[in-house]
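# A structural walkthrough
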Amino acid sequence: MQPDDHVCLCFRVSLRKLRTYMHRERPRVPSQLSECLGAGTGCHWCVPFLEDLHRQWAAGEEPALPFASEAYAEGRVSYRRSGERPGLERPEPKETD
Ligand code: FES
């Protein structure tokens, strides 16, 4: 996922906006990310991903999601249809020497 891709598709909240919000507001709990343009308060698809981003930020990492934005959006469509969360394919870790 690229910085300008939307993590919360309901409210069009990008990864970049969420990163900026966390750096500026320093939310103590993931649910405070809802104060960033309503992220997570629509269909709830993005909630586990918001929690993951907050966990990364709290650990001092640059928050990121390892999914293609298309696969992420398709996962939401499936979730809204069935109520089930499909597993999203994560890319293979890069080998480093
Ligand atoms: S995608 Fe975030 S609430 Fe629906």
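What this report covers is the structure whose coordinates are included nearby. (Residues numbered from 1 in each chain as written. Predicted model: local features only at pLDDT ≥ 70, side-chain atom pairs only at ≥ 80, totals over all residues.)

Attention now moves to the overall build of the protein. Helices and strands together make up the secondary structure of the protein, namely 3 helices and 2 strands. Moving toward the C terminus, one meets the helices and strands of the protein in the order β-β-α-α-α. Its C-alpha atoms give the protein a radius of gyration of 13 Å, within 12% of the compact-globule value 13 Å for 97 residues. Oriented by its inertia axes, the alpha-carbon framework of the protein measures out at about 45 × 35 × 20 Å. Split into buried and exposed, the 97 residues of the protein put 22% on the buried side. (Helix = DSSP H or I, 4+ residues; strand = E, 2+ residues; numbered from the N terminus. Rg over C-alpha atoms; globule rule 2.2 N^0.38 Å. Buried ≥ 20, exposed ≤ 12 C-beta atoms within 10 Å, placed from the backbone.)

Looking at the secondary structure, you find H44 in the loop between α1 (15-25) and α2 (47-58). In this structure H44 comes out as partly exposed when scored by C-beta crowding, with 13 C-beta atoms within 10 Å. With 36 residues separating them along the chain, H44 and C8 place their C-alpha atoms 8.6 Å apart.

In this section: the environment of A64. Of note, A64 is situated in the loop between α2 and α3 (69-82). Classification of A64 as partly exposed rests on a count of 14 C-beta atoms within 10 Å. Linking A64 and F49, residues 15 residues apart in sequence, is a C-alpha distance of 9.5 Å.

Let us look at unusual backbone geometry. Positive phi values are uncommon outside glycine, yet R26 reaches one of about 50°. On the secondary structure map, R26 appears in the loop between α1 and α2. Its identity as a non-glycine residue notwithstanding, H44 has a phi of 75°, on the positive side.

Three or more residues of α1 are buried, namely L15, L18 and M22. For α1, the angular spread of buried residues about the axis comes to 65°, placing them on one side. Summarising the geometry of α1, the exposed residues directed more than 90 degrees from the buried face are H23, R24 and E25. For α1, the elements touching its buried residues are β1 (6-8), β2 (13-14) and α2. At the exit of α1 stands R26, carrying a positive phi of roughly 50°. (Arc of directions from axis to C-beta. Contact = placed C-beta atoms within 7 Å.)

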